Amino acid sequence: MKVCLAVVRGEMSTTMNAEARLRLSLDGLSVGDAFGERFFVDPALIFQQLGHRSMPPGPWRYSDDTEMALAIAQTLLECGHVDQDALARTFADRYAEEPHRGYGAGAHRILEAIAFETPWQQAARLVFDGQGSMGNGAAMRAPVVGAWCADLPLEEVAQEARRSAEVTHAHPDGQAGAIAVAVAAAWAWRSRGDLEAGRRLIEAAFEHTPPGETRDGIHKALGTPLSASITLGMERLGNGRRILSSDTVPFCLWSAARRLESFEDAMWQTVSALGDRDTTCAIVGGIVSLFGGPGCIPEDMLTQRETLNWPH
Ligand code: R7I
Ligand code: MG
């Protein structure tokens, strides 16, 4: 098992600012997204590669998970907080420029409407009979919110995460997934170096997540030993197959908690559950990179990922 040596030696910089944390988490998220996505591209190779842990050939193209995380990162750097109008515009502009990044079915409709000047408050309710989406799309991009806010009280992290989610996910459970993931990401940063932090990360997320199916799933994750097999974890918690917050986020928190100290192990175990593998790997990568700190993402993974297209 490859362990990030900086973590073990306790040499991590304690002075990383919000922007540096944001970039670190964005790298973890986008490498996870692009890595996981490769295991959709060529199903015949999946089991061979998983068995031997042979890295899929590059370049690894990233998907909507990274696109939307980039939009949040852009907004945070330009506005200093989750400015929802600015975020909606950035989501829509990036979507209009590159709509073929594997967006969810509801997301296409919402982003297209925002691009054509429908206020985001209305656009987010255009799907699923006006209830809004409870897809995993607000959670998939939320690690960067946790990274930016990591030195604020967790209640404030949760509030910013909710604001980042509301722009596209009007359903409370879609928002709950973003809250859980952002809190876990902030927690991962704050507990770096503590090799017993895994279970407490899930507890912190549980404590701040509003009631609903996602929170119920996180409760189940708390009752699933971190030593249990990935197969058992996936059977109990889901693997994102339904693309919902509730069948994605609990598994991701559990998988991240299981291997906080090794980005690479975390990626292989998460992708081995298959399911919504770009998104599960994006969420886990965005969290685990904050625990591991600078240098924890193996260079051979980072260099395979397509260059991030954004102005910062
Ligand atoms: O949430 P969202 O942005 O999806 C993100 C996922 C990630 O896996 C990405 O990598 C990309 O593949 O998509 O997009 P939505 O379209 O809002 O939600 C995703 C899916 O969740 C939808 O297409 C539905 O299948 C399902 N879903 C729902 N199903 C029933 N009732 C979301 N909300 C509902 C619902 O209320
Ligand atoms: Mg995707």
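Residues numbered from 1 in each chain as written. Chains lettered and ligands numbered in written order. Predicted model: local features only at pLDDT ≥ 70, side-chain atom pairs only at ≥ 80, totals over all residues. Heavy atoms only, no water.

## Details of the overall build of the protein
Rules: Secondary structure elements follow DSSP: runs of H or I of four or more residues count as helices, runs of E of two or more count as strands, with numbering from the N terminus. Radius of gyration here is computed from C-alpha atoms only, and the compact-globule reference equals 2.2 Å multiplied by the residue count raised to the power 0.38. Between buried and exposed lies partly exposed: a residue is buried under 20% and exposed over 50% of the maximum accessible area for its type, with that area taken using a 1.4 Å probe on protein chains only. Accessibility throughout is a Shrake-Rupley quantity obtained with a 1.4 Å probe, and a residue counts as covered only by protein chains that appear here. Charged residues are defined narrowly, with Lys and Arg counted positive, Asp and Glu counted negative, and His plus the chain ends left uncounted. Charge placement uses NZ in Lys and CZ in Arg. For Asp and Glu, CG and CD serve respectively.
Along the protein, the regular secondary structure elements total 17 helices and zero strands. Its C-alpha atoms give the protein a radius of gyration of 17 Å, near enough to 20 Å, the size a compact globule of 312 residues would have. Along the three orthogonal principal directions, the C-alpha set of the protein runs to about 50 × 45 × 40 Å. Within the protein, the proportion of its 312 residues that are buried is 59%. About 12400 Å² of surface is accessible on the protein, with carbon and sulfur atoms providing 51% of the total. Taken together, the 28 basic and 40 acidic charged side chains of the protein have centroids lying 4 Å from each other.

## Re the site of ligand 1
Which entries qualify depends on this criterion: Note on terminology: near, applied to a residue and a molecule or strand, indicates that one of the residue's heavy atoms is within 4 Å of it. Side-chain atoms alone can form a polar contact between residues adjacent in sequence; in general such a contact is a pair of N or O atoms within 3.5 Å, and within protein one must be able to donate a hydrogen while the other accepts it. Three residue categories are used. Nonpolar comprises Ala, Val, Leu, Ile, Met, Phe, Trp, Tyr, Cys and Pro, charged comprises Asp, Glu, Lys and Arg, and polar comprises the others, including Gly.
Near ligand 1 you find 21 residues, and of these G106, S133, H169, D276 and D278 are the closest. Residue A105 places a main-chain N or O atom 3.2 Å away from an oxygen atom belonging to ligand 1. At a separation of 2.9 Å, an oxygen atom of ligand 1 approaches a polar side-chain atom of T279. Summarising the interface, the protein chains cover 81% of the accessible area of ligand 1, which totals 690 Å² for the free molecule. Elements supplying a minimum of two residues to the shell around ligand 1: α4 (64-79), α6 (105-115) and α16 (277-292). Top element by residues in the shell around ligand 1 is α6. It accounts for three residues. Of the residues contributing to the shell around ligand 1, the split by class is seven nonpolar, ten polar and four charged.

## A look at the coordination of the magnesium ion (ligand 2)
Note the following rule: Note: metal donors comprise N, O and S atoms at 2.8 Å or less from the metal (3.2 Å for Na, K and Ca); water molecules are not included, so apparent gaps in a site are possible.
Ligation of the magnesium ion (ligand 2) by protein atoms is provided by S63 (OG), D64 (OD), D65 (OD) and D278 (OD), these donors lying 2.0 to 2.3 Å from the ion. The sequence pattern formed by the donor residues of the magnesium ion (ligand 2) is S-D-D-x212-D. For the pair shown, D64 and D65 are each scored as buried.

## So, the pattern of salt bridges
Oppositely charged side chains can form a pair if their charged atoms are brought close together. As a reminder, the rule being used: Basic side-chain nitrogens of Lys or Arg form a salt bridge, by our definition, when they fall within 4 Å of a carboxyl oxygen of Asp or Glu.
What the rule picks out here adds up to 13 salt bridges. A salt bridge links E67 to R94; the shortest N-O distance between them is 2.9 Å. Of this pair, E67 sits in helix α4 while R94 sits in helix α5 (residues 84-97), and the two are 27 residues apart along the sequence. By the burial criterion, E67 is buried, and R94 matches it.

## Some points on the nonpolar core
Cut-off, in case you're wondering: Joining through side-chain atoms within 4.5 Å is the link that ties buried Ala, Val, Leu, Ile, Met, Phe, Trp, Tyr and Cys residues into a set, and such a set is a nonpolar core.
In terms of nonpolar packing, the biggest core is built from 101 residues, with F35 and I287 touching the most fellow members. For this core, the element with the highest residue contribution is helix α10 (residues 172-190), accounting for eleven residues.

## Focus on unusual backbone geometry
Cis geometry is adopted by the peptide bond preceding P59, which originates at G58 and carries an omega value of -5°. Summarising the element assignment, P59 is placed in the loop between α3 (43-52) and α4. Positive phi, close to 55°, is recorded for D129, a residue that is not glycine. By the element assignment, D129 lies in the loop between α7 (120-123) and α8 (143-148). Not every positive phi belongs to a glycine, and I243 is a case in point at roughly 65°. Turning to its location among the elements, I243 is positioned in the loop between α13 (230-237) and α14 (249-258).

## Some points on the environment of Q74
Rule in force here: Residues are treated as being in contact if the distance between any of their heavy atoms lies within 4.5 Å.
Locating Q74 in the fold gives a position in helix α4. The exposure class assigned to Q74 is buried, which follows from its relative accessible area of 12%. Sequence spacing of Q74 and I287 is 213 residues, and the spatial spacing of their C-alpha atoms is 19 Å. The contact partners of Q74, leaving out residues within four places of it in the chain, are T90, R94, W310, P311 and H312.

## Section: helix α11 (residues 198-208)
Where α11 is concerned, the buried positions are G198, L201, I202, A204, A205, F206 and H208. Of the surrounding elements, those touching the buried residues of α11 are α9 (154-166), α10, α12 (213-222), α14 and α16.

## Points about the side chain of S133
Secondary-structure assignment places S133 in the loop between α7 and α8. Excluding residues that lie within four positions of it along the chain, S133 makes contacts with A124, V127, F128, T168, H169, A170, H171 and G174.

## Some points on the packing of aromatic side chains
Each aromatic ring pair is specified by the distance between its two centres and by the angle formed by the two planes. Note the threshold: Only the six-membered ring of Trp is used, alongside the rings of Phe and Tyr, when aromatic pairs are assigned; centres must lie within 6.5 Å, and planes under 30 degrees apart are stacked while those over 60 apart are edge-to-face, with the rest tilted.
With the rule as written, the count across this model stands at six aromatic pairs. Seen from their ring centres, F35 and W60 are 5.5 Å apart, and the 55° between their planes marks the pair as tilted. In this pair, F35 is assigned in helix α2 (residues 18-41) and W60 in the loop between α3 and α4, connecting sequence segments 25 residues apart. The class of F35 is buried, set by a relative accessible area of 0%. Between the aromatic rings of F251 and W254, the centroid separation amounts to 6.2 Å while the plane-to-plane angle is 40°, which identifies the pairing as tilted. With F251 and W254 both in helix α14 and three residues apart, the pair spans about one turn of that helix.

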